[in-house]
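Understanding the architecture of this molecule
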Amino acid sequence: MGPSWREELRRQFPAARLDEPLARLTTFKIGGPADAYAEPKDAEELGRLARFARDRRVALLILGWGSNVLIRDGGVRGLVLRLKGRFEALDFLAGGRVRAGAAVRVPQLVSQCAERGLGGDESLVGIPGTVGGALVMNAGTREGEIGSLAESVDVLEEPGFEPRTLSRAELEFSYRASNLGGRIVVGGVLQLKPGNKRDIMARVQQFQRRRQQTQPIHTYNVGSIFKNPPGRYVAQLVEQAGLKGAVCGGARVSPMHANFIENFSDASASDVLALVERIRARLRETAGVELELEMKVVGEA
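Residues numbered from 1 in each chain as written. Predicted model: local features only at pLDDT ≥ 70, side-chain atom pairs only at ≥ 80, totals over all residues. Heavy atoms only, no water.

Notes on the overall build of the protein
Short version of the rule: Helix numbers and strand numbers start at the N terminus; a helix is a DSSP run of H or I with at least 4 residues, a strand a run of E with at least 2. When a residue's accessible area, from a 1.4 Å probe over protein chains only, is under 20% of the maximum for its type it is buried; when over 50% it is exposed; and in between it is partly exposed. Pairs of residues are marked as contacts when any of their non-hydrogen atoms sit within 4.5 Å. Note on areas: these come from Shrake-Rupley sampling with a 1.4 Å probe, and a residue is covered only by the protein chains present in the view. Charged residues are defined narrowly, with Lys and Arg counted positive, Asp and Glu counted negative, and His plus the chain ends left uncounted. The location of each charge is read from NZ of Lys, CZ of Arg, CG of Asp or CD of Glu.
Summing up its helical and strand segments, the protein has 7 helices and 20 strands in all. With respect to the principal axes defined by its C-alpha atoms, the protein has extents near 55 × 55 × 30 Å. Taken across its 301 residues, the protein has 49% of its residues classed as buried. Sequence-distant contacts in the protein: of pairs separated by 6 or more residues, those separated by 24 or more amount to 63%. Accessible area for the protein stands at about 14000 Å²; split by element, carbon and sulfur atoms hold 48% of it. The distance from the centre of the 42 positive side-chain charges to the centre of the 36 negative ones in the protein is 3 Å.

Structural notes on the environment of R56
Convention followed: Two N or O atoms count as a polar contact when they lie within 3.5 Å, although within protein this holds only if one can serve as hydrogen donor and the other as acceptor, and sequence-adjacent residues are included solely when both atoms are side-chain atoms.
Among the structural elements, R56 can be located in the loop between α2 (43–55) and β3 (60–62). The spacing of R56 and W5 is 51 residues in sequence and 7.2 Å in space, taken between C-alpha atoms. For R56, the contacting residues outside a window of four places in its chain are W5, E8 and Q12. Polar side-chain contacts of R56 include one of 2.6 Å to the side chain of E8.

Here we look at the pairing of strand β15 (residues 184–191)
To be explicit about the condition: In this analysis, strands are considered paired if DSSP registers two or more bridges between them.
Most of β15 is tucked away, with 7 of its 8 residues classed as buried. Bridge analysis of strand β7 (residues 97–101) against β15 gives 5 bridges, and the strand direction is antiparallel. Across the sheet, residue V98 finds its bridge partner in β15, namely L190. As paired elements, strand β11 (residues 150–157) and β15 share 6 bridges and run antiparallel to each other. Bridge pairing in β15 places V153 opposite G188.

Describing the nonpolar core
If you look at soluble globular proteins, the nonpolar side chains tend to sit buried side by side. Threshold: Remark: nonpolar core denotes a set of buried residues (Ala, Val, Leu, Ile, Met, Phe, Trp, Tyr, Cys) joined through side-chain atoms within 4.5 Å.
Ranked by internal contacts, the top residues of the largest apolar core, which has 32 residues, are L109, L135, L180 and L190. Elements that contribute at least two residues to this core include exactly β7, α3 (106–115), α4 (131–137), β11, β15 and α5 (197–214). Counting residues per element, this core draws most heavily on α3, at 5 residues. Formed by 30 residues, the second largest nonpolar core is a distinct cluster that contains I30, L70, V222 and L237.

Details of the layout of surface pockets
In this approach a probe as big as a water molecule rolls over the atoms, and the regions it shows empty are the leftover space. The cut-off we apply is this: The definitions used throughout rest on a 1 Å grid laid over the protein atoms alone, on which a cavity is an enclosed set of points accommodating a 1.4 Å probe that cannot get out and a pocket is an open set flanked by protein within 12 Å on both sides along at least five of seven lines; lining residues are those having an atom within 4 Å of a point. Grid points are joined across faces, edges and corners, and a volume is the space filled by probe spheres set on the points. Only Asp, Glu, Lys and Arg are considered charged in this grouping, and only Ala, Val, Leu, Ile, Met, Phe, Trp, Tyr, Cys and Pro are considered nonpolar; every other residue, Gly among them, is considered polar.
By volume, the second largest pocket is sized at about 240 Å³. Along its surface, the second largest pocket is lined by 17 residues, and R86, F87, D154, V186 and G187 are the ones closest to its centre. Elements supplying a minimum of two residues to the lining of the second largest pocket: β7, β11, β12 (162–167) and β15. Its residues assigned to classes, the lining of the second largest pocket comprises 8 nonpolar, 3 polar and 6 charged.

Shown next, in the form of structure tokens:
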């Protein structure tokens, strides 16, 4: 029998790591290890890694900032990537446009645009993810979503993982969804609104304050657990059902915001999922709604 794909990976990509713990790479601080892990620094290296995985039928996961994701306790089979280097770059273009790499953190995008008198994205300042992940899931708040700002998105297109730019006309965004799912997003160009720097920075600070007052930003969590059903708010429904503060193992429904689950005491992924099912069952009964997850669940139990 020939060498395993992991040994081959290490030969071709010496910086790759095996059996890499993933919990520390997520905002939940939960989850088992990856079979293999690498940090590509540019599109050429990312393409090579993607083709390596495709040719060997190895599952590929791009982790982003590790927010909005629950990694199961058994970890992730296959190759996990976190984009670095060129993917962390922000380039300011003419006409209020900014080219953002997929690994740029959304709060960094907002603050650096505000510093240059560019607005329109202020409400996104509290989203603890990367631009790539935010585009894929059309992350946003009640005040706005990132999809509305996207002028174009750069991807690596299968089957050869060659670079391609999707124009605005080719992009489709809806509530917490887009047609970018399953594609490898490497960055995009966003159209911002030039304005008064002081006013824009004041709006950013206002959104930051509101988030600090209403969300448990100092605990281990992944943001909203469930999508809001049409015309209703999950946090309100959970609270009405008497589950605010409910505990399962080391996981609890946040006492501050009932659509957040916190890892408050060495929670396992199974603790979180048990609490998710408890909430779903109760709201099915009390509110007649079928809750859909906003966070992604990956890996094996």
